[in-house]
Amino acid sequence: MPNEVKPHRRYESRRRREQAAQTRRDILAAAGKLFRDRGYGVPMPAIASEAGVAVETMYRIFGSKSALFRAVVEALLAGGPTRAEVPVEERPAIRAIIDEPDPRRMVALYAATQPGIHRRAGPLLSALRDAKASDRELGRLWDELEAWRYEGQGRFVAQLAERGGLRADRSLDEAKDVVWTLCSLAVHDLLVLERGWTAERYEAWLAAALTHELVGD
């Protein structure tokens, strides 16, 4: 009898995990929509209503509103809630960068990821950047997201250096600072939103600038 019960229990456990994952995706989708439409000030009950869940469920899954916002940004950066569940190193675009042996091609592939990232997450990050000066919680969240961005870009620089692709007169710390600056939302918005550059022109410029600064001519 015990052996007959175990498969059913495994099925129930798998189904609960799948339901929990779908609930998390539904919350992220609803929160992303409302954050874009109404800004960070949208109340948590409104997000819960949009997602069709209880407010307590959102706090149980994410812990706080700022953590939910960060999860929304991470999902947008990944290309959606489902893709965000895949480890960063296993996402196709990142995997291609990691597996690329040629330093210049590696930099070009990295630059190619940036227009989409800014297009998807830029509106939310711009709103956060503009509001952080008047709200301590938002200021902390902005700092956390920037530190997270710097850490991720640091891994890219380290991989480039490990392959001997980093120019000899550029230290690791300098290279990280260069990538952090050139790939920033501020630089993207100045060129694309203010000066009217196309995404293709921005990507080509970024690839050339990063190649010059990191690999050399």
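Chains are numbered independently. Their residues run from 1 in the order of the written sequence. In keeping with the model being predicted, local features are shown solely for residues with a pLDDT of at least 70 and side-chain atom pairs are shown and tallied solely at 80 or more, while totals for entire chains, interfaces and linings include all residues. Excluded from the side-chain calculation are hydrogens and water; included are all heavy atoms of the structure.

Engineer: Hey, could you go over the overall build of the chain for me, with residue numbers and the actual values?
Structural biologist: Segments assigned H or I by DSSP are reported as helices when at least four residues long, segments assigned E as strands when at least two residues long, and all are numbered from the N terminus. A tally of regular secondary structure across the chain gives 11 helices and 0 strands. Secondary structure elements in the chain, listed N-terminal to C-terminal, are α-α-α-α-α-α-α-α-α-α-α. For the chain, the spread of C-alpha atoms along the three principal axes comes to 70 × 50 × 30 Å. Sorting the 217 residues of the chain into buried and exposed places 41% on the buried side. Residue pairs at least 24 apart in sequence account for 65% of intrachain contacts in the chain once pairs closer than 6 positions are excluded. In these tables, accessible area is a Shrake-Rupley quantity obtained with a 1.4 Å probe, and a residue counts as shielded only by the protein chains included in the view. Of the roughly 12200 Å² of accessible surface on the chain, a fraction of 52% belongs to carbon and sulfur atoms. Counting 34 positive and 32 negative side-chain charges, the chain places the averaged centre of each group 5 Å from the other. The buried label goes to any residue with under 20% of its type's maximum accessible area, the exposed label to any with over 50%, and the partly exposed label to all in between, with areas taken from a 1.4 Å probe on protein chains only. Note on contacts: a residue pair is in contact if any heavy atoms of the two residues lie within 4.5 Å. For the charge count, each Lys or Arg is scored as positive and each Asp or Glu as negative, with His and the chain ends excluded. One atom stands in for each charge, and that atom is NZ of Lys, CZ of Arg, CG of Asp or CD of Glu.

Engineer: Residues and numbers for the pattern of salt bridges, please.
Structural biologist: A pair is scored as a salt bridge if a Lys or Arg side-chain nitrogen falls within 4 Å of a carboxyl oxygen belonging to Asp or Glu. Under the counting rule described, the total for this entry stands at 13 salt bridges. One salt bridge in this structure joins Asp 189 and Arg 129, with 3.7 Å as the shortest N-O distance. Here Asp 189 is found in helix α10 (residues 185-194), whereas its partner Arg 129 is found in helix α7 (residues 103-131), with 60 residues between them in sequence. Take Asp 189: its relative accessible area is 10%, and that puts it in the buried class. Relative accessible area serves as the criterion here: at 26%, Arg 129 is assigned to the partly exposed category. Here Arg 170 and Glu 174 are joined by a salt bridge, their closest N and O atoms 4.0 Å apart. Note on Glu 174: relative accessible area 38%, which makes it partly exposed. Here the salt bridges do not stand alone but share partners, grouping Arg 70, Glu 74 and Glu 144 into one network.

Engineer: Just give me the short version of the nonpolar core, but keep the residues and values in it.
Structural biologist: Residues belong to a common nonpolar core when they are buried Ala, Val, Leu, Ile, Met, Phe, Trp, Tyr or Cys residues joined through side-chain atoms within 4.5 Å. Judged by nonpolar contacts, the single largest core of 31 residues is most densely connected at Phe 35, Ile 47, Leu 68, Phe 69 and Val 72. Listed by contribution, the elements that provide at least two residues to this core are α1 (2-38), α2 (44-51), α3 (55-62), α4 (65-78), α7 and α8 (136-162). The biggest single contributor to this core is α4, with 7 residues. Beyond its immediate chain neighbours, meaning those up to four positions away, Phe 35 contacts Tyr 40, Val 42, Ile 47, Lys 65, Leu 68, Phe 69, Val 72 and Leu 124. Leu 166, Val 178, Leu 206 and Val 215 belong to the second-largest nonpolar core, a separate cluster that totals 26 residues.

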